[in-house]
Amino acid sequence: MIKNIAVIGSGTMGNGIAHVFAQHGYAVALIDLSEKALEKALATIGKNYDRQVSKGLLTAEEKEAALARIQTGTEVAAGVAAADLIVEAATENMDIKLQLFREIDAHAPAHAILATNTSSISITKIAAVTRRPDKVIGMHFMNPVPVMKLVEVIKGYATSEEVCAQIMELSQSLQKIPVEVNDYPGFVANRILMPMINEAIYSLYEGVAGVHEIDTVMKLGMAHPMGPLQLADFIGLDVCLSILRVLHEGFGNPKYAPCPLLVNMVEAGFKGVKTGEGFYVHTPGSKELVVSPRFK
């Protein structure tokens, strides 16, 4: 039975995953290399619980109980020692993930399931560096984790049916809707989403229309809650580029080749919300959509 959760990485996805597990009664060890990052993560989780309290989704007592279930630490070995499930939510970088899984596998209990929140990297390849490939699985949460209902549950080539069933059931206990998919580049969500974002960037790059116009067409014409260029800024242009490169390499199909404009923006440090500018200018505390002067 899964009771104790370890979450590796306290960034946007990691703190959201810790938030949801703690809210639903699980004991959580949140692990990061940086004490400062952990302090920031706990502050973010607290603010997000406060938002839920203000909306009547949680009581003040439930918020305090959830926060009390989260312990933090900077040592992977200690953090995973008593875990029934470890969810890795580190940077979307193959080498980092492979090294982490070697370390997690060496210190986690034999029964523990090892999950990754990767948005595109092969579960099979990650599992192959462990001694328990049957217990390695993908749990791809959507951002923002406390709000979005979907969990993409990705079976690697060797993932057991029993482990997959456990993770599907666990996801439902978090009031999420899990969808089982197989392990191919980009899975389902990003295999479909990223080419759409890339095509929107190509439309801008080729002068078909401007940033505002492209996003307006997709919002009003296709009922998308935000346009693809705004969404790319929200995801992070560096993350979009990384996923497109995984798709391009994995399938060897030129249709997945990243737009040169996207490559240039990332290399120049314009990565969207996280850097304050991408296709839009992002001012903390402001919800106004201001197109970057570079595209006016």
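Bear in mind that the values here come from a model prediction, so they are computed numbers and not experimental data.

Asker: Give a description of the packing of helix α10 (residues 228–235) against helix α11 (residues 237–251) that names residues and reports values.
Answerer: Remark: α10 packs on α11, axes separated minimally by 5 Å, with the N-to-C direction vectors making an angle of 95°. When the interaxial angle is binned, α10 and α11 end up roughly perpendicular. Note on element contacts: α11 touches α10 through Leu237, Val239 and Cys240, opposite Ala232, Asp233 and Ile235. Its residues assigned to classes, the contact of α10 with α11 shows five nonpolar, no polar and one charged.

Asker: Talk me through the pairing of strand β2 (residues 27–31); I want residue IDs and the actual numbers.
Answerer: Most of β2 is tucked away, with four of its five residues classed as buried. Pairing analysis gives five bridges linking strand β1 (residues 4–8) to β2, with the strands arranged parallel. Paired with Ile8 across the two strands is Ile31, which belongs to β2. Pairing of β2 with strand β3 (residues 70–73), which is carried by four bridges, proceeds in the parallel orientation. Residue pairing in the sheet places Ile31 in a bridge with Gly73 of β3.

Asker: Just give me the short version of the domain arrangement of the protein chain, but keep the residues and values in it.
Answerer: What the domain assignment reports for the protein chain is domain 1 (4–182) and domain 2 (191–291). Spacing between the C-alpha centres of domain 1 and domain 2 amounts to 27 Å. Contact with domain 1, which involves five residues of that partner, is made by four residues of domain 2. Between domain 1 and domain 2 lies a buried interface of about 400 Å² when both sides are counted; carbon and sulfur atoms form 63% of it. Three residues, Glu92, Ser120 and Asn143, lead the burial of domain 1 against domain 2; their summed loss comes to 72% of the area buried on that side.

Asker: Account for the packing of aromatic side chains, naming residues and giving values.
Answerer: One pair of aromatic rings is described through two measures. These are the centre distance and the angle between the planes. Under the defined criterion, the tally for this structure stands at five aromatic pairs. Ring centres of Phe21 and Tyr26 lie 5.5 Å apart, and the angle between their planes is 85°; on these two criteria the pair is classed as edge-to-face. For Phe21, a relative accessible area of 0% gives the class buried. Owing to a relative accessible area of 12%, Tyr26 belongs among the buried residues under this scheme. In textbook terms, an aromatic cluster arises when at least three aromatic residues are bridged by ring pairs, as seen for Phe21, Tyr26 and Phe141.

Asker: Tell me about α11, residues and numbers included.
Answerer: Taking 1.5 Å of rise per residue, 15 residues should cover 21 Å, and α11 covers 21 Å from first to last C-alpha, within 8% of that figure. Those residues of α11 not exposed but buried are Leu237, Cys240, Leu241, Ile243, Leu244 and Leu247. All buried residues of α11 fall inside an arc of 165° around its axis, so they share one side. Buried residues along α11 sit in contact with α8 (189–205), α10 and α12 (260–267). A positive phi of about 60° marks Gly252, the residue just after α11.

Asker: Explain the layout of surface pockets residue by residue, including any values.
Answerer: What the second largest pocket holds in volume is close to 320 Å³. If you go around the second largest pocket, you meet 14 residues; those closest to its centre are Met94, Ile121, Ser122, Val246 and Glu249. When residues of the lining of the second largest pocket are assigned to their parent elements, the largest contribution, five residues, is made by α11. Considering only residue class, the lining of the second largest pocket consists of five nonpolar, four polar and five charged. Viewed by domain, the lining of the second largest pocket spans two of them, domain 1 (4–182) and domain 2 (191–291), each represented by three or more residues.

About the cut-offs
Residues numbered from 1 in each chain as written. Predicted model: local features only at pLDDT ≥ 70, side-chain atom pairs only at ≥ 80, totals over all residues. Heavy atoms only, no water. Axes fitted to C-alpha atoms, helices over the stretch in contact; angles between N-to-C directions. Helix = DSSP H or I, 4+ residues; strand = E, 2+ residues; numbered from the N terminus. Parallel < 35°, antiparallel > 145°, perpendicular 65-115°, else oblique. Contact = heavy atoms within 4.5 Å. Nonpolar A, V, L, I, M, F, W, Y, C, P; charged D, E, K, R; others polar. Buried < 20%, exposed > 50% of the residue type's maximum accessible area, 1.4 Å probe, protein only. Pairing = 2+ DSSP bridges. Domains from an automatic or database assignment. Buried area = accessible area lost by both parts, 1.4 Å probe. Phe/Tyr/Trp six-rings, centres within 6.5 Å; stacked < 30°, edge-to-face > 60°. Expected span 1.5 Å × (residues − 1). Arc of directions from axis to C-beta. 1 Å grid on protein atoms, 1.4 Å probe; cavity = no way out; pocket = protein on both sides within 12 Å on 5 of 7 lines; lining within 4 Å. Points joined across faces, edges and corners; volume = space filled by probe spheres on them.

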